[in-house]
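One-letter residues, chain by chain:
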Amino acid sequence: MKYIIAVIKPFKLDEVREALSGIGVAGMTVSEVKGFGRQKGQTEIYRGAEYSTNMLPKVKVEVAVDDTVAPQVVEAIGATANTGAIGDGKIFVLDLASATRIRTGETGPEAL
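Description of the structure in this document. Keep in mind it's a predicted model, so treat the numbers as computed, not measured.

Attention shifts here to the pattern of salt bridges. A complete count under the given rule lists 4 salt bridges for this structure. Its salt-bridge partner being Arg101, residue Glu106 comes within 3.2 Å of it at the nearest N-O pair. Judged by its relative accessible area of 27%, Arg101 falls in the partly exposed class.

In structure tokens form, the structure reads like this:
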């Protein structure tokens, strides 16, 4: 099993969700987060004063999937979240040791 974490631009969330649903991903966790990378932040104007913020709003999508589906998930996220501009985000893939569905007690890939 794999645990996939993607940090993407907020306006791309609906497209990513639809793409993942299209390949059979049954669920995901989404969090609003802030961060920066090479983009280094942005300059904004608030009440006529210009200020710089180094933390940009992003969305973190977390998905647990079977090993066989993981490459398709990474491809789907990468294709739909890509704008070609700096700050598109990152995708991380981690090995998932175990998973348990609380309601039924199922474990492993059946719990996903």
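Let us look at the side chain of Thr80. Along the chain, Thr80 turns up in helix 2 (residues 70–81). Among the residues examined, Thr80 registers a relative accessible area of 18% and is labelled buried. Ignoring any residue separated from it by four or fewer positions in sequence, one finds Thr80 in contact with Lys12, Glu15, Val16 and Ala19.

To continue, consider the environment of Ala70. Mapped onto the elements of the fold, Ala70 is located in helix 2. Ala70 gets classed as buried once you look at its relative accessible area, which sits at 6%. The contact partners of Ala70, leaving out residues within four places of it in the chain, are Lys2, Ile4 and Val65.

The next subject is the nonpolar core. Within the largest apolar cluster, 15 residues are counted, with the highest numbers of intra-cluster contacts made by Ile8, Leu20, Val65, Val73 and Ile77. Those elements giving two or more residues to this core turn out to be strand 1 (2–8), helix 1 (13–22), strand 5 (56–65) and helix 2. Broken down by element, this core gets its largest block of residues, 5 residues, from helix 2. Among residues more than four places away in sequence, those in contact with Ile77 are Ile4, Ala6, Ile8, Val16, Leu20 and Ile91.

Here we take up the pairing of strand 1. Taken together, the 7 bridges between strand 1 and strand 5 define a ladder with antiparallel strand orientation. Across the sheet, Ile4 pairs through a bridge with Val63, a residue of strand 5. Strand direction decides the pairing type here: strand 1 and strand 6 (residues 89–95), joined by 7 bridges, are antiparallel. Counted as the bridge partner of Val7 is Lys90 from strand 6.

Definitions and limits used
- Residues numbered from 1 in each chain as written.
- Predicted model: local features only at pLDDT ≥ 70, side-chain atom pairs only at ≥ 80, totals over all residues.
- Heavy atoms only, no water.
- Salt bridge = Lys/Arg side-chain N within 4 Å of Asp/Glu carboxyl O.
- Buried < 20%, exposed > 50% of the residue type's maximum accessible area, 1.4 Å probe, protein only.
- Helix = DSSP H or I, 4+ residues; strand = E, 2+ residues; numbered from the N terminus.
- Contact = heavy atoms within 4.5 Å.
- Core = buried A, V, L, I, M, F, W, Y, C linked by side-chain atoms within 4.5 Å.
- Pairing = 2+ DSSP bridges.

Fair warning: the whole summary comes from geometry, so function is off the table for now.
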